[in-house]
Amino acid sequence: IKLNNYDDVITCVKGKAEALIGNNELPLDDGETVDVIISEWMGYGLFFETMLPSVMTVRDKLMADGGTMYPNKSRIYIEGANRKDRLDYWDD
């Protein structure tokens, strides 16, 4: 961000969203909103270790009307399998 001269426009915040909001640790004035939320919220398979609830909290409390999130969509493809000799990989 600094190398591209956007450090006066973009602010990165690291931490759990609910804690940052609850402890007023965000660099926002009262009532101030954000235009863009960028978060790596997807867990493997889009379900496990997901941070989606945290991102939805930020969206609902802080995103401006007309704002957006990235990534803002995902796809999951599932294929059936029945060869037991090839499914041992998933036993752990």
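Here, the structure is the one placed above.
These remarks concern the structure in this document. All figures in this text were calculated on a predicted structure; none of them were measured in a lab.

Conventions used here
- Residue positions are given per chain, counting from 1 as you read along its sequence in written order.
- pLDDT decides what is reported in this predicted model: residues at 70 or higher carry local features, side-chain atom pairs at 80 or more are listed and counted, and totals for whole chains, interfaces and linings draw on all residues regardless.
- To get the side-chain values, take all heavy atoms of the structure and skip hydrogens and water.
- In DSSP terms, a helix is any run of H or I states spanning at least four residues, a strand is any run of E spanning at least two, and both are numbered starting from the N terminus.
- To get the radius of gyration, use the C-alpha atoms; to get the globule rule, take the number of residues to the power 0.38 and multiply by 2.2 Å.
- Residue contacts are defined here by distance: any two heavy atoms, one from each residue, within 4.5 Å place the two residues in contact.
- Using a 1.4 Å probe, accessible areas were evaluated by the Shrake-Rupley method; residue-level cover was limited to the displayed protein chains.
- By the counting scheme adopted, Arg and Lys are positive, Glu and Asp are negative, and His together with the chain ends is not counted.
- Charge positions come from single atoms, namely NZ of Lys, CZ of Arg, CG of Asp or CD of Glu.
- The criterion is simple. A nonpolar core is a set of buried Ala, Val, Leu, Ile, Met, Phe, Trp, Tyr and Cys residues joined through side-chain atoms within 4.5 Å.
- Relative accessibility decides the category of a residue: with a 1.4 Å probe and only protein chains considered, values under 20% of the type maximum give buried, values over 50% give exposed, and everything between is partly exposed.
- Each patch is assembled from residues with relative accessible area greater than 30% and no salt bridge, linking like charges that lie within 9 Å and nonpolar side chains (Val, Leu, Ile, Met, Phe, Trp, Tyr) that lie within 5 Å.
- A carboxyl oxygen of Asp or Glu within 4 Å of a side-chain nitrogen of Lys or Arg is what we treat as a salt bridge.

### As for the overall build of the protein
- Looking only at helices and strands, the protein features 3 helices and 2 strands.
- Taking 12 Å as the expected radius of gyration for a compact globule of 92 residues, we find that the protein reaches 18 Å, considerably beyond that expectation.
- Along the three orthogonal principal directions, the C-alpha set of the protein runs to about 60 × 30 × 25 Å.
- A sequence separation of at least 24 residues applies to 60% of the contacts in the protein between residues at least 6 apart.
- Surface accessibility of the protein: about 8,300 Å² in total, with carbon and sulfur atoms responsible for 51%.
- Computed over 10 positive and 17 negative side-chain charges, the inter-centroid distance for the protein is 8 Å.

### A few points about the nonpolar core
- Judged by nonpolar contacts, A17, I21, I37, W41, V55, V58, L62, M63 and M69 together constitute the single largest core of 9 residues.
- The element contributing the most residues to this core is helix α2 (residues 52-62), with 3 residues.
- I37 has contacts with V55, V58, R59, M63, T68, M69 and Y70, leaving out every residue within four places of it along the chain.

### Concerning the side chain of S39
- Relative to the helices and strands, S39 resides in the loop between β1 (34-38) and α2.
- Judged by its relative accessible area of 16%, S39 is buried.
- Setting aside chain neighbours within four positions, we find S39 in contact with M51, V55, Y70 and P71.

### Comments concerning a nonpolar patch on the surface
- Together, I1, Y6, V9 and I10 make up a nonpolar patch on the protein surface, roughly 380 Å² of accessible area in all.
- Here V9 falls in the exposed class, since its relative accessible area comes to 61%.

### Digging into the pattern of salt bridges
- Tallied over the entire structure, the rule returns 1 salt bridge.
- Between R59 and D60 there is a salt bridge, with its nearest N and O atoms 2.8 Å apart.
- Overall, R59 belongs to the partly exposed group, its relative accessible area being 32%.
- For D60, a relative accessible area of 56% corresponds to the exposed category.

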